[in-house]
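Coordinate analysis (summary)
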Amino acid sequence: MIVAKFGGSSLADAPRFRQVRDILAADPERRYVVLSAPGKRFDDDVKITDLLLLAHQDVANGGNPESRFDAIRKRYEEISEGLGVPGCVCSEMDAVFQAIQGGASRDFAASRGEYLCGLLFSRWLSLPFLDAAEAVRFHEDGRLDDLTTGELLHEALLRHPTAVLPGFYGADSQGAIHVFSRGGSDVSGALAAAAADADLYENWTDVTGFRSADPRIVPDASYISFLTYRELRELSYMGATVLHEEAVFPVRRAGIPTSIRNTRDPLHPGTIIQSSNRYQAKVPAVTGIAGKPGFSVIVIEKARMNDEVGFGRKVLSILEELRISFEHLPTGIDALCAMVPTRSLEGVREQVLARIEDAVHPDHVSVQDGIALVACVGAGLFKQHGTIARLFTAVSEQGIVIRTMFQAPSELSIIIGVNEADLSPAVRSIYDAFIRN
Ligand code: ASP
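**Let's talk about the site of the ligand**
In the region of the ligand, the neighbouring residues are Ser-36, Lys-47, Thr-49, Glu-114, Phe-168, Arg-182, Gly-183, Gly-184 and Ser-185. One nitrogen or oxygen atom from the main chain of Gly-183 is found 2.8 Å from an oxygen atom belonging to the ligand. In isolation the ligand has 260 Å² of accessible area, and contact with the protein removes 91% of it. Residues of the shell around the ligand, tallied by class, amount to one nonpolar, five polar and three charged.

Here is the structure:
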């Protein structure tokens, strides 16, 4: 059995609703459907969720939300008319507008796009509607209560052989609505897949899966067919965004594979993400390459630092007190470096240096800016002879200086630090060396 989640771009208008219906009809195993709110039909379009948030903002500022309501009404009416069920969510939509007008919470307003979309879809196809407010439980402080959610969703799904669940929201035990962060219908879908003990979680979107490099850097970057959850974590941490980060955990824990599919190209197999790559015929050395600019390195040098007990703790306590989180911590015998996002130094740069001076009396301490990190991720990276040599050769042949490097302890990735201006050439050179055929 499959839980299929469809994103906002797959539900932007009536023709796309029909594509979703056809995808569901093509495989009877697709029994549970999780839906986002209608998204953009074209580049300058506004998502329903954004219109709802703007309406809420209008009310909070003492303004008039009518023009937003009109735009929302028009979108839902166009969709329902196009599907031959005109006015099918009119009364619920009016109730939503009244509640927002009456000062309902921001989360309530944000969630109504999914709620109305789920209702519309279920009425159009005569499928049972399962309100996420009854099955996805949040704590009152807005964190997900995953244990209760697992139980509630499991019971609710068992009651229906097939159902439509709106994504993105749930409610606390007092009935107050809470939402996940933006894009959170992915999380709802993953929770439903885990609760239903699905064989597969399908995440239908407007791209054909994960690309092996950012297409803004490598325009013809290939699609990744297989990815492990651990590789995915490394790539998304470095900025590859197709799936909400939190959507990985429920399915990964339950051992359920996730498949990323394109609603507009439903025959393309997309990317399949699994816990293990043991079924893969050939594990490539590098599965994907991701890069991120905007890093600085705090370099602290002191002769015989290695003998000084507590040196690292003192430095890390200073970073902690100044609320700077470090990303990597390369060390040498007489040096310790902390790789941090440059923006985390805003307003505290001088203070960090002065406090480190004071606490550990280094021979030298400085900050170097303008570093980009490039991660080469692949479960096969350390299994094949000569891979690392090939990687460094590819980069240095382009005249790129590698300013720092580290191997993740998981043996899943090698990260190199280069000057920001070298980010794109570095990604391209690694792509050409390992992925381009
Ligand atoms: N509709 C929400 C958003 O625009 C949630 C989602 O689409 O997953 O972020």
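**Quick word on the pattern of salt bridges**
Pairing between side chains of opposite charge can happen when the charged atoms of each approach one another. Applying the stated criterion to the full structure yields 23 salt bridges. For the salt bridge of Asp-45 with Arg-41, the shortest nitrogen-to-oxygen distance reads 2.7 Å. Since its relative accessible area comes to 9%, Asp-45 is described here as buried. Relative accessible area serves as the criterion here: at 28%, Arg-41 is assigned to the partly exposed category. Between Arg-436 and Asp-220 there is a salt bridge whose closest N-O contact spans 2.8 Å. Residue Arg-436 is located in the segment after helix H14 (423-434), and its partner Asp-220 is located in the loop between strand S6 (200-205) and strand S7 (226-228); the two are separated by 216 residues in the primary sequence. For Arg-436, a relative accessible area of 36% gives the class partly exposed.

Calculation criteria
All chains use their own residue numbering, which begins from 1 and follows the written sequence. In keeping with the predicted nature of the model, local features appear solely for residues at pLDDT of at least 70, side-chain atom pairs appear and are counted solely at 80 or more, and the whole-chain, interface and lining totals rest on all residues. The basis for the side-chain values is all heavy atoms of the structure; hydrogens and waters are excluded. Here, proximity means that at least one heavy atom of the residue falls within 4 Å of the molecule or strand. What qualifies as a polar contact is a pair of N or O atoms within 3.5 Å, subject to a donor-acceptor requirement within protein and to the restriction that residues adjacent in sequence count only when both atoms come from side chains. Per-residue accessibility takes into account occlusion by the displayed protein chains alone, with areas from the Shrake-Rupley method and a 1.4 Å probe. Three classes are used, and their members are as follows: Ala, Val, Leu, Ile, Met, Phe, Trp, Tyr, Cys and Pro are nonpolar, Asp, Glu, Lys and Arg are charged, and the others, Gly among them, are polar. A pairing counts as a salt bridge when a side-chain nitrogen of Lys or Arg comes within 4 Å of a carboxyl oxygen of Asp or Glu. Three labels apply to residues, based on accessible area from a 1.4 Å probe with only protein chains included: buried if under 20% of the type maximum, exposed if over 50%, partly exposed otherwise in between. Only DSSP runs of H or I with at least four residues qualify as helices, and only runs of E with at least two residues qualify as strands; both kinds are numbered from the N terminus onward.

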